[in-house]
Amino acid sequence: MPGVLTQTTPFKTITVKELHPTFGAEVSGVDFENSTDEQFDEIVAAMAKYGFCVFRSTPLTDATHVSFSRRFGSLDNIARFLTPGRALRYEHLELFDASNLDTSGAILPANSPRAHSSRGNRLFHTDSSFNPRRASFSLLRAVELPPPETGGNTDFADSRTAWDRLPDDMKAELLRDDWTGAFSMAHSRKLGSPEFFADMDPVEAAPMARHKIVQVHEASGRVGLYVGAHLHHLEGEGMSAERSKALVEFLNAWCQRKEFVVSVKWEREGDLVIWDNRAVLHRAGEWSGDGVFRRDMRRTTVHDDGERAWGENVVDTEMPNINAWIAKKAAVGEVKVA
């Protein structure tokens, strides 16, 4: 069966529990504070095989979260998002704030600009696809969790098996035409909260990044779909706006089919999930505690160093930042800021 895991070489230093017939695993036995090169190589091999891995009750702190992440490659940081005088809840710029907390640690109002922006994360996407240089791995850690009955899972979609099981005629078209996708964070934000961002045009908010939507995952040699909510439109010879819209909608819906999706429940503080953005899509699951319960999640994002890392973009192009657009519009009263 296409996409089913076939690797049989046993791991020596870690224990793996598969979470789905085609992808995802829960990994135990990792010594995060003194992980040997052999063990780290096995983690990388597990990532290539499964696309995402879950590690329960890790002892990671902010500092060790960052240092462990650096073993995968150079890290993105939040410096470009900082406005003058903005305070940080924690020390490390390499940690992206995926919480519902403001800079003082208070719960964000559900109608705040950042809360509206975060709604885009509830749509399946790949981290940093809107950047000229795509991301390889994301490492998300639970620092403080809300009551378990409120939900808040993270869902993953297997974009490699989704490719494997596409109809043959669709595969042939995608391989023949080799479409380029134009990706924009503004697009996913507008999809996630259309009323709040009603006057934001993704074309003008920030430069879009260009990446091929059919890519070979170098670590596994498998082909995957590189799509998601940041994908604004497709480009290439003969591509019309109507065909682009239809194809983007089809491919995103296809990847979200039930057989390609698994949901991960956050159980304890210290839980860590690592995923490969070149092999899976992900989204923040629905939860009922927004604006009520504290949920502190922190993520590092690793810059891809593979052959296709920069896609169709100029190497070393500056990373886009739609927060600058929001602040500019807010200053002149052209966008609502709660």
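Residues numbered from 1 in each chain as written. Predicted model: local features only at pLDDT ≥ 70, side-chain atom pairs only at ≥ 80, totals over all residues. Heavy atoms only, no water.

Under an unreviewed UniProt entry, the name given to the protein chain is Alpha-ketoglutarate-dependent 2,4-dichlorophenoxyacetate dioxygenase, and the source organism is Cercophora scortea. According to UniProt, the comment filed for the protein chain under the heading Sequence similarities (unreviewed entry) is "Belongs to the TfdA dioxygenase family." (UniProt positions renumbered as here; feature names shortened; annotations may be inferred.)

*Asks:* Honestly, helix α5 (residues 168-177) in this entry has me stumped. Any pointers?
*Replies:* Owing to its 3.6 residues per turn, the α-helix brings residues three or four apart onto one side. Within the span of α5, buried status applies to M170, K171, E173 and L174. Down the axis of α5, the buried side of the element spans an arc of 165 degrees, and every buried residue falls inside it. Opposite its buried face, α5 presents the exposed residues D168, D169, L175 and R176, each directed more than 90 degrees away. Those residues of α5 that are buried lie in contact with α4 (159-164), β9 (214-217), β10 (222-225) and α8 (241-255). A positive backbone phi angle near 50 degrees is found at D178, which sits one or two residues after α5. (Buried < 20%, exposed > 50% of the residue type's maximum accessible area, 1.4 Å probe, protein only. Helix = DSSP H or I, 4+ residues; strand = E, 2+ residues; numbered from the N terminus. Arc of directions from axis to C-beta. Contact = heavy atoms within 4.5 Å.)

*Asks:* How should the sheet that holds strand β15 (residues 296-303) be read in this particular structure?
*Replies:* The strands that make up a sheet are held in pairs by hydrogen bonds between backbone atoms, and each pair lies either parallel or antiparallel. Read across the open sheet, the seven strands follow the order β1-β2-β3-β13-β5-β15-β4; overall the sheet is mixed. The open sheet has two edge strands, β1 (15-18) and β4 (96-97), and neither has a second partner. Relative to β15, strand β5 (residues 135-144) runs antiparallel, the two sharing seven bridges. Residue pairing across strands places R141 opposite R298, the latter belonging to β15. Against the sheet, helix α1 (residues 37-50) touches β1, β2 (25-28), β3 (52-55), β5 and β13 (272-276), its axis set at about 130 degrees to β3. (Pairing = 2+ DSSP bridges. Axes fitted to C-alpha atoms, helices over the stretch in contact; angles between N-to-C directions.)

*Asks:* Any chance you could explain the sheet that holds strand β6 (residues 154-158) here in plain terms?
*Replies:* A sheet is described by the order of its strands in space; here three strands give the open sequence β12-β6-β14, paired in antiparallel fashion. The sheet terminates laterally at β12 (261-264) and β14 (280-284), the two strands that pair on one side only. Pairwise comparison of adjacent strand axes, ignoring direction, gives a mean angle of 25 degrees for this sheet. Pairing geometry for β6 and β12, over four bridges, is antiparallel. Bridging from a neighbouring strand, A157 pairs with V261 of β12.

*Asks:* Can you help me understand the pairing of β10 in this one?
*Replies:* It is a general feature of regular strands that their side chains alternate between the two faces of the sheet. Sheet topology places β9 next to β10; four bridges connect them, and they run antiparallel. Counted as the bridge partner of Q215 is G224 from β10. Counted along the chain from β9 to the antiparallel partner β10, the turn is four residues long, and its residue G221 has a positive phi close to 80 degrees.

*Asks:* Please clarify how the packing of aromatic side chains should be interpreted in this entry.
*Replies:* Each aromatic ring pair is specified by the distance between its two centres and by the angle formed by the two planes. In total, this model carries 14 aromatic pairs according to the counting rule given. For the pair F68 and F72, a centre-to-centre distance of 5.8 Å together with 80 degrees between the ring planes defines the contact as edge-to-face. Among the residues examined, F68 registers a relative accessible area of 3% and is labelled buried. Residue classification places F72 among the buried positions, given a relative accessible area of 10%. Pairing F72 with F137 gives two aromatic rings, centres 4.9 Å apart and planes at 55 degrees, and the pair type is tilted. One end of the pair, F72, is in the loop between α2 (62-70) and β4; the other, F137, is in strand β5, and 65 residues separate them in sequence. The exposure classification of F72 matches that of F137, with both residues buried. (Phe/Tyr/Trp six-rings, centres within 6.5 Å; stacked < 30°, edge-to-face > 60°.)

*Asks:* Looking at this model, I keep getting lost on the pattern of salt bridges. Mind explaining?
*Replies:* As a working rule, side chains carrying opposite charge can pair if their charged atoms are close by. Using the criterion set out here, one finds 29 salt bridges in the structure. With a closest N to O distance of 3.9 Å, R114 and D97 form a salt bridge. Remark: D97 occurs in strand β4 and R114 occurs in helix α3 (residues 113-118); sequence separation between them is 17 residues. Residue classification places R114 among the partly exposed residues on the basis of a relative accessible area of 26%. Residue classification places D97 among the partly exposed positions, given a relative accessible area of 25%. One salt bridge connects E312 with R308, and the closest N-O pair in it is separated by 2.2 Å. Taken together, the salt bridges that share partners define one network made up of D62, R89, D97, R114, R141, D296 and R298. (Salt bridge = Lys/Arg side-chain N within 4 Å of Asp/Glu carboxyl O.)

*Asks:* Help me understand the packing of α5 against α8, please; the structure alone is not making it clear to me.
*Replies:* Packed helix pairs are characterised by how far apart their axes lie and by the angle those axes make with each other. Taken N-terminus to C-terminus, the directions of α5 and α8 make an angle of 125 degrees; their axes are 14 Å apart at the nearest point. With respect to α8, the axis of α5 lies oblique. The two elements α5 and α8 cross, and the hand of that crossing is left-handed. In this structure, α5 contributes M170, E173 and L174 to the contact, and α8 contributes R243, L247, F250 and L251. Its residues placed into classes, the contact of α5 with α8 shows five nonpolar, no polar and two charged. (Parallel < 35°, antiparallel > 145°, perpendicular 65-115°, else oblique. Left-handed = near helix turned anticlockwise from the far one by under 90°. Nonpolar A, V, L, I, M, F, W, Y, C, P; charged D, E, K, R; others polar.)

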